[in-house]
Amino acid sequence: MAEGHAVRAMYFYAGAADLYLETGEAKILSTLETIWDNTVQKRTYITGGLGALPVIEGFGRDYELPNRSYTETCAAIGSFFFSWRLLRATGEAKYADQMERALYNAILSGVSLDMKHYFYGNPLASDGGHERRDWFVVACCPPNLARLLASLERYLYGQSRDALWVHQYIGGQARFERPEGKVLLLVESGFPWQGKARVQVKPDSPMTFSLLLRAPGWAQGAEVKLNGRAAPERIVPGSYVRLQREWHSGDVVELAFGMKPRPLQSPPEVKSNRGRAAVLNGPLVYCLEDKDNPGLDVHRLRFNREPDFMVSYNPDLLEGLATVSGRTAEGKRFIAIPYYAWCNRGRANMEVWIKQE
Ligand SMILES: [Zn+2]
């Protein structure tokens, strides 16, 4: 299991995964898979953040996940690198799912919306004592974020002998060299506000290969259309859909993944979250900030048993985002914003895990 300093642990495992990718030594891979499973299931927050304890900047015991946590930005970035290597080694969608979770939540919260202020720690609850700073004496997190965001395109696609892979739905173009010629993929995406994406396939000349597209683990139902018609392939969220055919320039794949706000209970072993739930919507984890909830105490309010969630897109709020509103036990409305956007209006009381009736 993962021990000690969280950032160093993630870099060490990423290095060990590189060694496996070079040597193919099976024992290295099986050990890393065990460490990854344990870390993600028992020592990682719902945001993809990890390294709970500030004293050692590192891991606590299994399920020791206090919400006033440390969770350094670099540790989430390190876990993204570790997951990426295991994704390349195995092709299993759970690694891409975890990269997505870390990217949209624990990593993105590390930088302000104006991209000029940074968090070192990314706690899941705050009493107003946190604020992003413009620099640090030990400034590892700001350049690490810059490096990741500037090289993000490396982590979105993959290529294997008979297949092209789309791991993340982030709009852009990708060019692949195959033995038969070049292929261009044009991706348009509604993520993270809508679970929709459109992939245009443009091979130089008709070409046979598989296109593997990730159906995210959070998807509540999924549809894939090929040139306007439902694809016959079975779609299982948390795996890749494989479309194998002779591709012609201009073929279009449309993906629609069911996305509704959902409350999620944490494992009962996490003491601080007993009787609490987090609000998730697609890849995003939400939080409550007092700025959006005047008259409510975000640390104490309770969800109604049927919170009656509603999503609305607000182009003018925090550079444009979708809020999720719901009902408290007393019938008042509360508003949740994506976790990455918290603390962009000055210091704030904030809570991810909300009490539930
Ligand atoms: Zn750092």
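Parameters and conventions
Residues numbered from 1 in each chain as written. Predicted model: local features only at pLDDT ≥ 70, side-chain atom pairs only at ≥ 80, totals over all residues. Heavy atoms only, no water. Donors = N, O, S within 2.8 Å, 3.2 Å for Na, K, Ca; no water. Tetrahedral: all angles 85-135°; square planar, octahedral: opposite > 155°, others 65-115°. Helix = DSSP H or I, 4+ residues; strand = E, 2+ residues; numbered from the N terminus. Buried < 20%, exposed > 50% of the residue type's maximum accessible area, 1.4 Å probe, protein only. Expected span 1.5 Å × (residues − 1). Pairing = 2+ DSSP bridges. Phe/Tyr/Trp six-rings, centres within 6.5 Å; stacked < 30°, edge-to-face > 60°. Lys NZ or Arg CZ within 6 Å of the ring centre and 35° of its normal.

A. Here's a closer look at the coordination of the zinc ion. Here the zinc ion is held by the protein donor atoms Glu 72 (OE), Cys 74 (SG), Cys 140 (SG) and Cys 141 (SG), which lie 2.1 to 2.3 Å from it. With four donor atoms in place around the zinc ion and angles of 95 to 125° between them, the coordination shape is tetrahedral. When the donor residues of the zinc ion are listed from N- to C-terminus, their spacing reads E-x1-C-x65-C-C. Of the two residues, Cys 74 is situated in helix 3 (residues 73-90) and Cys 140 in the loop between strand 1 (125-127) and helix 5 (141-150); the sequence distance between them amounts to 66 residues.

B. Region of the structure containing unusual backbone geometry. Cis geometry is adopted by the peptide bond preceding Pro 192, which originates at Phe 191 and carries an omega value of 0°. Tracing the backbone through its elements, the reader meets Pro 192 in the loop between strand 5 (181-189) and strand 6 (196-203). Backbone geometry places Tyr 63, a non-glycine residue, at a positive phi of 65°. Tracing the backbone through its elements, the reader meets Tyr 63 in the loop between helix 2 (26-42) and helix 3. Positive phi is not limited to glycine here, since Met 115 has a value of about 60°. With respect to the helices, strands and loops of the structure, Met 115 is situated in the loop between helix 4 (93-107) and strand 1. According to the relative accessible area criterion, Met 115 is partly exposed, its value standing at 45%.

C. Spatial organisation of helix 3. Here helix 3 spans 26 Å end to end across 18 residues, near enough to the 26 Å set by a 1.5 Å rise per residue. Taking burial as the measure, the 18 residues of helix 3 include 15 buried ones, the bulk of the element. In the segment just after helix 3, Gly 91 is the residue with positive phi, at about 70°.

D. Representation of the sheet that holds strand 4 (residues 172-178) within the structure. What the six strands build is an open sheet, ordered 4-5-6-11-8-9; its pairing is antiparallel. Each of the sheet's edge strands pairs with one partner strand only, and the pair in question is strand 4 and strand 9 (229-230). Relative to strand 9, strand 8 (residues 222-226) is paired through two bridges, and the arrangement is antiparallel. Of the residues in strand 9, the one forming a bridge with Leu 226 is Arg 229.

E. Structural detail: the packing of aromatic side chains. Applying the stated rule across the entire model yields 20 aromatic pairs. Residues Phe 209 and Trp 247 carry aromatic rings whose centres are separated by 5.9 Å and whose planes lie at 25° to one another, so their mutual orientation is stacked. Within this pair, whereas Phe 209 is found in strand 7 (residues 207-215), its partner Trp 247 is found in strand 10 (residues 239-247), the two being separated by 38 residues in sequence. Judged by its relative accessible area of 2%, Phe 209 falls in the buried class. Its relative accessible area of 0% is what places Trp 247 among the buried residues. Pairing Phe 303 with Phe 309 gives two aromatic rings, centres 5.9 Å apart and planes at 85°, and the pair type is edge-to-face. When its relative accessible area of 0% is taken as the criterion, Phe 303 is described as buried. The exposure class of Phe 309 is buried, given its relative accessible area of 17%. These aromatic residues form a ring-pair network of at least three members: Tyr 11, Phe 80, Phe 81, Trp 84 and Tyr 155. A cation over a ring is seen here: Arg 245 above Trp 247, with NZ or CZ 5.1 Å from the ring centre.

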